[in-house]
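Summary of structural features
Listed below, chain by chain, are the residues.
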Amino acid sequence: MASSDSNNFSSSSPHRLPTVSASQALQNISSTPRRPIPTGLKSLDAFLQGREHEDSSQTVPPVGIPRGEVTEIYGPPGIGKTTLAMQITASALQSGGSVVWVDASYEITGSRLRDILSVVPISEGEATSDPASVDRYLEKFHHFITPSLPHLLALLTHQSSTFPPTETNLVVVDSISTLFALAFPKTAENASSQQNPIRKSDAGQWASGRRWAVMGDLISKISRLAATKSIAILLTSQTTTRIRSETGAVLHPAISGTAWDTGISTRIVIFRDWFFQASETASSQGEYIPGVRLAGVMKAKGISYEGVGKVVMFVIEKTRLREITVDQTKIRLNGSPVLPATSLKRKRGEIANSQSEDEEAESDQEFGWAADDHILTTEALLE
Amino acid sequence: MTDLLHTIPDFPTKLYTHLLPSLEKHLITTTDLLTLDALEVAKRAHLPLLDVRRLASHVVAILQCRLGLKTDNAPSYQNAGEGQAGYGSLRKTGKEATTRLSLISTLDPSIDEALGGGIPTSCITEITGESGAGKTQLLLTLLLSAQLPPPDGLSRPTLYISTEHPLPTVRLAQILKNHPVLSSHPSPPSLNRILTLNTPDLESQDHILTYQLPVALARHSVGLVILDSIAANYRAERSSANTPFALATRSAQLVRLGALLRSLSREHNCAVVVANQVADRFAPVSTTSRASASISVGNVFSSSPASTATTSVPAPSVLSLDHQQRFFTGWGAEPSTPSHNLKTPTLGLVWANQITCRIALVKERDYGSAGTGEGEVAVDDIGGAEWNSRRWRRWMRVVFAPWVKATGERERGVEFEIWSGGARVVNKAAAQSQKAM
């Protein structure tokens, strides 16, 4: 370990948390500037704290994407996952940190990031908008492309003295699910072995089990990276469908599983719906507002919420995401009222149990994954 | 280890010929090599531990090199990974990553404006629509305009991969002759600079795209690749069965195709444009619970009594594919659209996840009646008026794109028409006066 002097930890591996005494830890919590990274959407920031906004009426602590943890954003194509990630990136850059952006699918649209960086005065107080400062911010922006899963593993899970760059406070992996879909095609061996059960040999099982093992390995190493370096790690993920008996095909994060879900401390879903803003003058339906996106905080601080969780509405503008504030009691999603901010009905607590139940209930046969779900549940029991 | 050469095409396999066959046999992938302990791999593949460890650290070293990282895994092997193009090419500085897009113009200012300037390089753009909606017309114009020098094009040759019909050269020549920008340009595009490939079936498509396309791109410095259409071969193959096996195979093929096109477009900095067909979307099957879900869809967010009646619908139903796909397929985003008679681009969500941008071309019958106002849905009128092939109206909608604002749900998009010079925007005033006559 020739590189051990390059990091500040006394332990032999940079992936291990240093030992601190309890009193020191307490002091660290109250003093270290592990400020979360604001998303630029106020309500979303508040929901990410995992508690009611109103409760913290005393000195409002900084809020946003938590550092030292892994956050996942998922949603259908074109919904604004990347744009939200860009806004968070801008906010992190403006607070003076470095940002690592990893593109797992297509490349970031640079002009868009410039637009967002140039205007957003996310951190209040400083509202500069000259191009020079954009270039200054971009000096701390590190861009990587990972065309395959091994590339991502080499980047994030294997030690290098130059990664992460100094002062990194945010790592974004855009569309991480693409790599998994590519590395573990949902078919060949496992589907053929379904048709021909005799061939489901040791080798076949090995191959189908690897997906879950790699997933678990990656998420645990990523969370360790986040924790040791006090970095906020933001993953965006695409969706697949799962068939549920009552509603038909429902969008579901493309990467999920017991190990993965426990590694993700915050999960945000972005989706769309129609929204009519009630007004005195307008007719019964109210005025239609186009392009409304909804971000639901499904999990915050390790606690899962029911359904889509607490919901924030926003629209995407050229240079930023703008929140739409409404009387939240009026919001209805597909007919069922969303109880905003109070929707902490049921803690899913230790997700392992409920998750594996869900897993069995869902028929994933369509993609030939049935066999693997079985493996997942046995894994869940082993853990 | 078949994937090793996909991951690192120029990996010096010679050094490890004694390891690779056994790793292959035991299904050890590059991913496994990077995640598992060398001991476990060695045990499984019955290979000497030290050799496996050496291979693993060599792979990591090369990958980290490509990513522009200083590696401290195996300095002694770095020589083997150096000295080739692509060193560190996967890393960019902030400035490099935010350079301006290079765009290919559609040669119509209004269409370009809606597209944020045109079709950019390094990503996959999908143009979808019914047959006759104008997909090919738009693509043909791009084949020519990409040859123009910037800002209209890239001054590079173009490549047309056809799956259905051969390149309509007569039409190309017509566009070239009739479009004012093309015909009067000092360095006009030439049909000689359009390469074509034909992929009659899925097997040959796979082979051609994987092996011939990269060579062609590199040799001719192609700036635009058009695949017209992506769906044809998959649709033909698929007719056999809708079994889970067939669906899974297709989804894997699409994921691979997406990754291939993406990496080609990035490595060669070229634009990839694919045409996609549409299929009819079916309304949810009328089991009782689904019916209630689909009814409530129309009442989202309104506080009318009708929607309060259906509170039994579980909240996640807002995430149902039927509802969410209204917003990314290009059909059905308007709140008052009926849930029947909608179109859906083929190949589904799996493919939608692969593309960067989706452009939908919508065509509707025009009955010439004064009542054809904005927001009226033509599907209600089917059978009403006489069909007349010359009276189609066409719109272009940007469904999603990372560089430009999508077309709003209540907007119809840019109306365009097909003429001898390609596709052009319908002049609103002219159209009105024509209607009055």
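Residues numbered from 1 in each chain as written. Chains lettered and ligands numbered in written order. Predicted model: local features only at pLDDT ≥ 70, side-chain atom pairs only at ≥ 80, totals over all residues. Heavy atoms only, no water.

You'll find chain B entered in an unreviewed UniProt entry as RecA family profile 1 domain-containing protein, with Letharia columbiana given as the organism.

As annotated in an unreviewed UniProt entry, chain A carries the name RecA family profile 1 domain-containing protein and is attributed to Letharia columbiana. Regarding chain A, the UniProt comment filed under Subcellular location (unreviewed entry) reads as follows: "Nucleus". (UniProt positions renumbered as here; feature names shortened; annotations may be inferred.)

**Side note on helix H14 (residues 244-267) of chain B**
Along its 24 residues, H14 of chain B runs 34 Å from first to last C-alpha, staying within 8% of the 34 Å computed at 1.5 Å per residue. In terms of burial, H14 of chain B is a largely internal element, 17 of the 24 residues being buried. (Helix = DSSP H or I, 4+ residues; strand = E, 2+ residues; numbered from the N terminus. Expected span 1.5 Å × (residues − 1). Buried < 20%, exposed > 50% of the residue type's maximum accessible area, 1.4 Å probe, protein only.)

**Quick word on the confidence of the model for chain B**
Residues and elements named next belong to chain B. When pLDDT is averaged along chain B, the result is 78; 78% of the residues meet or exceed 70. Here helix H16 (residues 305-308) stands out as the least confident element of chain B, with mean pLDDT 31; strand E8 (residues 271-276) is the most confident, with 94. Taken together, the stretch residues 74-87 has pLDDT below 50 and engages in 15 contacts with residues farther than four places along the chain or on a different chain. Counting contacts from residues 285-315, a segment whose pLDDT is below 50, to residues more than four positions away or on other chains yields 56 contacts. Here the complex is predicted with pTM 0.81, and the ipTM for its interfaces comes to 0.83. (pLDDT = per-residue confidence, 0-100. Contact = heavy atoms within 4.5 Å.)

**Observations concerning the pattern of salt bridges**
Residue and element names in this part refer to chain A. With the rule as written, the count across this model stands at 18 salt bridges over all chains. For Arg-267, the salt bridge goes to Glu-72, with nearest N and O atoms at 2.6 Å. Highlighted residues: Arg-267 in strand E8 (residues 266-272) and Glu-72 in strand E1 (residues 70-74), separated in sequence by 195 residues. Glu-72 sits in the buried class, given a relative accessible area of 0%. Several salt bridges converge on common partners, so that one network encompasses Glu-72, Asp-261 and Arg-267. (Salt bridge = Lys/Arg side-chain N within 4 Å of Asp/Glu carboxyl O.)

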